[in-house]
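Notes for the structure review
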Amino acid sequence: MSSKTKLLFVDDHEMTRRLFLEAVSNDSLIIETACEGQDALTKLRTFPADIVFTDIKMPVMDGLILLEKIRIHYPNIFIVVVTSSDRIEDAVQAMKAGAYDYIHKPFDPDVIMTVIESITGHKKILEENLFNGIDRRKDYRFENIVGCDPIMLQIFDKINDVAITNATVLLTGETGTGKDLVAAAIHYKSHRKEGPFIRVNCAALTETLSNSELFGHEKGAFTGAISQKKGYFEIADGGTIFLDEIGDLPIPTQVSLLHSIESRTFQRVGGTKMFKANTRIICATNKSLPTMVKENLFREDLFYRINVVCIDIPALCKRKSDIPVLANYFLKKFCTETKKNIPRISDAAMKILTQYNWPGNVRELSNIIENAVIFCKGKEIVPANLLKIGEKPHKKAFTLNLSSWSLPRAEEMIIRKALAETNGNLKQAASELNIARGTLYSKMKRYGIQKP
Ligand SMILES: Nc1ncnc2c1ncn2[C@@H]1O[C@H](COP(=O)(O)OP(=O)(O)O)[C@@H](O)[C@H]1O
Ligand SMILES: [Mg+2]
């Protein structure tokens, strides 16, 4: 097996073909060219390319049809489409049709080399997995994501499909639907899984510091920059950066992010050097970005860049068949954690769970079951164990099984229970707990308890 990577470059303009050859020729590559789709297919009969770079608009057979044919006849070839930078929708269409990545004209040799390196790295892992008898495309085990609803099964397929590409992914859905989980699944199913998975909460970035947080800074770049610091993009090199709550990214940082995605490079604040960014980007939001674009709160060009592949995770009430499965999954999980033995959820309790509309989605269901497990005395979860959504929350004194918990864990649970019983009234909950409201608030923050 030759170690050289074989490229086929397809474009109807001779000049463009020449520019490509000039941009990327090096010793580790063997490059052939073709002048349109049909010509490319003829070349592929004798030239076993690893990667095909193809233009989209071409006479006779255009790039999208070529892409489809290659996917059918040569499923192991990676396809990268070449578009002009004002035709991002072509790239989006191509990614959806199975292209691995896209690049822009005019060519940036560094971008092309980054794409080639990413593909050869990916290929290597695929080959290793094949030798180990694992076909990643058939790996449908989603241990951490539970779901049987047809919509969720479609999402599992989509995760599998997109994980093997380098595409930027946008995850949309209400809070608590599982966006974090899906982002992690994409990373751990990709060839980047040995690399870092870095989650950044964009809502927590301040306007003044967000560029430096994302891209790093040089020593002395601003007051307080006492030493050089790597940003999240650099830390996530070779892996995935998960930009959560992307709708909250300050506008100036949106500009830098867009530039970084387009050029696949980034610059530290106060620096002049451009660094290569071999970082896959996954974004998530519970906001409507199209609406934000209309209101000038989110840049339209950035929206198109990150919306290459979109996975929308439906609210829990839209996939009711998942409720019993999830409820039983959480029952098992929290029983293991608390070392309790509660084998089932009673029919009456399950009825309440399936009829409720879950505004807090899976997170709320998880919290309710966690509470139920804590307060359940028998061998099954009964309606009285279901806080808030049960008929009447019982207002008995806390009788907690503390033996298997750490002190902070017990404190967290007591706080959660007080909040649930007072319907999220902080003042009342604080008074029941006999602490100041400020103390309650800071403890909630520490344990990551949202204000209901
Ligand atoms: N399909 C699922 N299977 C198992 N657990 C889930 C599922 N969806 C969400 N969860 C759990 O619910 C909680 C909220 O999910 P998360 O991914 O943080 O939601 P989001 O990021 O959309 O707010 C997490 O504890 C997560 O593990
Ligand atoms: Mg989240």
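Keep in mind the model is a prediction, meaning the values are calculated, not measured.

**What about the pattern of salt bridges?**
Under the defined criterion, the tally for this structure stands at 19 salt bridges. Two residues, Lys 105 and Asp 11, come together in a salt bridge whose shortest N-O distance is 3.3 Å. With Lys 105 in strand β5 (residues 101-105) and Asp 11 in the loop between β1 (5-10) and α1 (14-24), this residue pair connects regions lying 94 residues apart in the sequence. For Lys 105, a relative accessible area of 22% translates into the label partly exposed. Look at Asp 11 and you get buried, because its relative accessible area is 0%. Residue Glu 380 pairs with Arg 344 through a salt bridge whose shortest N-O separation is 2.6 Å.

**Examining the site of ligand 1**
Neighbouring ligand 1 are 16 residues; Val 146, Gly 176, Lys 179, Asp 180 and Arg 363 lie closest to it. Taking 560 Å² as the accessible area of ligand 1 by itself, protein coverage stands at 86%. Breaking the shell around ligand 1 down by element, the ones donating at least two residues are α7 (179-188), α13 (322-338) and α15 (361-375). Its residues assigned to classes, the shell around ligand 1 shows 7 nonpolar, 5 polar and 4 charged. If you count residues domain by domain, the shell around ligand 1 takes at least three from each of domain 2 (140-314) and domain 3 (317-446).

**Comments concerning the packing of aromatic side chains**
Applying the stated criterion to the full structure yields 14 aromatic pairs. With centroids separated by 5.6 Å and ring planes inclined at 50°, the aromatic side chains of Phe 303 and Tyr 304 adopt a geometry described as tilted. Of the aromatic side chains, those joined through ring pairs into one cluster are Phe 9, Phe 20, Phe 53 and Phe 107. Here Lys 417 stacks its cationic end above the ring of Phe 375, 4.2 Å away from the centre of that ring. One Lys or Arg, Arg 446, reaches over the ring of Tyr 447 and ends 5.7 Å from the middle of that ring.

**Overview of the UniProt feature "domain: Response regulatory" (unreviewed entry) in the protein**
With numbering matched to this structure, UniProt assigns "domain: Response regulatory" (unreviewed entry) to residues 6-120. In the segment residues 6-120, helix accounts for 46% and strand for 24%; the C-alpha atoms at its two ends are 10 Å apart.

**A few points about the side chain of Thr 168**
For Thr 168, the location among the structural elements is in the loop between α6 (150-163) and β6 (169-172). Those residues in contact with Thr 168 that sit more than four places away from it in its chain are Ile 281, Arg 305, Ile 306, Val 308 and Val 309.

**Things to note about the UniProt feature "modified residue: 4-aspartylphosphate" (unreviewed entry) in the protein**
Under the present numbering, the feature "modified residue: 4-aspartylphosphate" (unreviewed entry) in UniProt falls on Asp 55. As for its position among the elements, Asp 55 is in strand β3 (residues 51-55). Beyond its immediate sequence surroundings of up to four residues, Asp 55 is in contact with Val 10, Asp 11, Asp 12, Gly 63, Val 82 and Lys 105.

**Describing α1**
For α1, every residue scored as buried is listed here: Thr 16, Arg 17, Phe 20 and Val 24. End-on, the buried residues of α1 take up no more than an arc of 100°, which puts them together on one face. Of the exposed residues in α1, those oriented more than 90 degrees away from the buried face are Glu 14 and Glu 22.

**Considering the domain arrangement of the protein**
Domain assignment breaks the protein into domain 1 (5-131), domain 2 (140-314) and domain 3 (317-446). The distance between the C-alpha centroids of domain 2 and domain 3 comes to 32 Å. Counting residues at the interface gives 13 residues for domain 2, matched by 13 residues for domain 3. Of the roughly 1100 Å² buried at the junction of domain 2 and domain 3 (both faces included), carbon and sulfur atoms supply 51%. Ranking the residues of domain 2 by area buried against domain 3 places Val 146, Asp 149 and Gly 176 at the top, with a combined share of 43%. Taken together, domain 2 and domain 3 are joined by 9 residue pairs in polar contact (both at pLDDT 80 or more).

**Considerations on the packing of α6 against α7**
As a packed pair, α6 and α7 sit with axes 8 Å apart at the nearest point and diverge in direction by 40°. In terms of orientation, α6 lies oblique with respect to α7. Between α6 and α7 lies a crossing of right-handed hand. Between α6 and α7, the residues in contact are Ile 159, Val 162 and Ala 163 and Val 182, Ala 185 and Ile 186, respectively.

**Some details on the packing of α15 against helix α16 (residues 407-421)**
One way to put it is that α15 packs onto α16 with a least axis distance of 11 Å and a crossing angle of 110°. Taken together, the axis directions place α15 and α16 in an arrangement best described as roughly perpendicular. Here Asn 367, Glu 370, Asn 371, Ile 374 and Phe 375 of α15 lie close against α16, whose contacting residues are Arg 409, Met 413, Arg 416 and Lys 417.

**Digging into the environment of Ala 430**
As for its position among the elements, Ala 430 is in helix α17 (residues 426-433). Separated by 11 residues in the primary sequence, Ala 430 and Tyr 441 have C-alpha atoms spaced 8.8 Å apart. Every residue in contact with Ala 430, bar those within four places of it in the chain, is listed here: Ile 435, Ala 436, Arg 437 and Leu 440.

**Re α13**
For an α-helix, 3.6 residues make a turn, and residues three or four places apart therefore share a direction. Taking 1.5 Å of rise per residue, the 17 residues of α13 would be expected to cover 24 Å, and the 24 Å separating its terminal C-alpha atoms lies within 8% of that figure. Looking only at α13, the buried set comprises Asp 322, Ile 323, Leu 326, Ala 327, Phe 330, Leu 331, Phe 334, Cys 335 and Thr 338. Contact partners of the buried residues in α13: α6, β13 (344-345), α14 (347-355), α15 and β14 (380-381). Looking one or two places after α13, you find Lys 339, whose phi comes out positive at around 55°.

**Observations concerning the pairing of strand β4 (residues 78-84)**
Counting buried positions along β4 yields 6 of 7 residues, so the element is predominantly enclosed. Here β3 pairs with β4 via 5 bridges, running parallel. For Val 52, the partnering residue across the bridge sits in β4 and is Ile 79. The sheet contact formed by β4 and β5 spans 5 bridges and is parallel. In the strand pairing of β5, Val 81 is matched with Tyr 102. Crossover handedness for the path β4 to helix α4 (residues 88-96) to β5: right-handed.

About the thresholds
- Residues numbered from 1 in each chain as written.
- Chains lettered and ligands numbered in written order.
- Predicted model: local features only at pLDDT ≥ 70, side-chain atom pairs only at ≥ 80, totals over all residues.
- Heavy atoms only, no water.
- Salt bridge = Lys/Arg side-chain N within 4 Å of Asp/Glu carboxyl O.
- Helix = DSSP H or I, 4+ residues; strand = E, 2+ residues; numbered from the N terminus.
- Buried < 20%, exposed > 50% of the residue type's maximum accessible area, 1.4 Å probe, protein only.
- Near = heavy atom within 4 Å.
- Areas by Shrake-Rupley, 256 points an atom, 1.4 Å probe, with all protein chains shown as cover.
- Nonpolar A, V, L, I, M, F, W, Y, C, P; charged D, E, K, R; others polar.
- Domains from an automatic or database assignment.
- Phe/Tyr/Trp six-rings, centres within 6.5 Å; stacked < 30°, edge-to-face > 60°.
- Lys NZ or Arg CZ within 6 Å of the ring centre and 35° of its normal.
- UniProt positions renumbered as here; feature names shortened; annotations may be inferred.
- Contact = heavy atoms within 4.5 Å.
- Arc of directions from axis to C-beta.
- Buried area = accessible area lost by both parts, 1.4 Å probe.
- Polar contact = N/O pair within 3.5 Å; in protein donor to acceptor, adjacent residues only side chain to side chain.
- Axes fitted to C-alpha atoms, helices over the stretch in contact; angles between N-to-C directions.
- Parallel < 35°, antiparallel > 145°, perpendicular 65-115°, else oblique.
- Left-handed = near helix turned anticlockwise from the far one by under 90°.
- Expected span 1.5 Å × (residues − 1).
- Pairing = 2+ DSSP bridges.
- Right-handed = clockwise from strand over helix to strand, strands pointing away.

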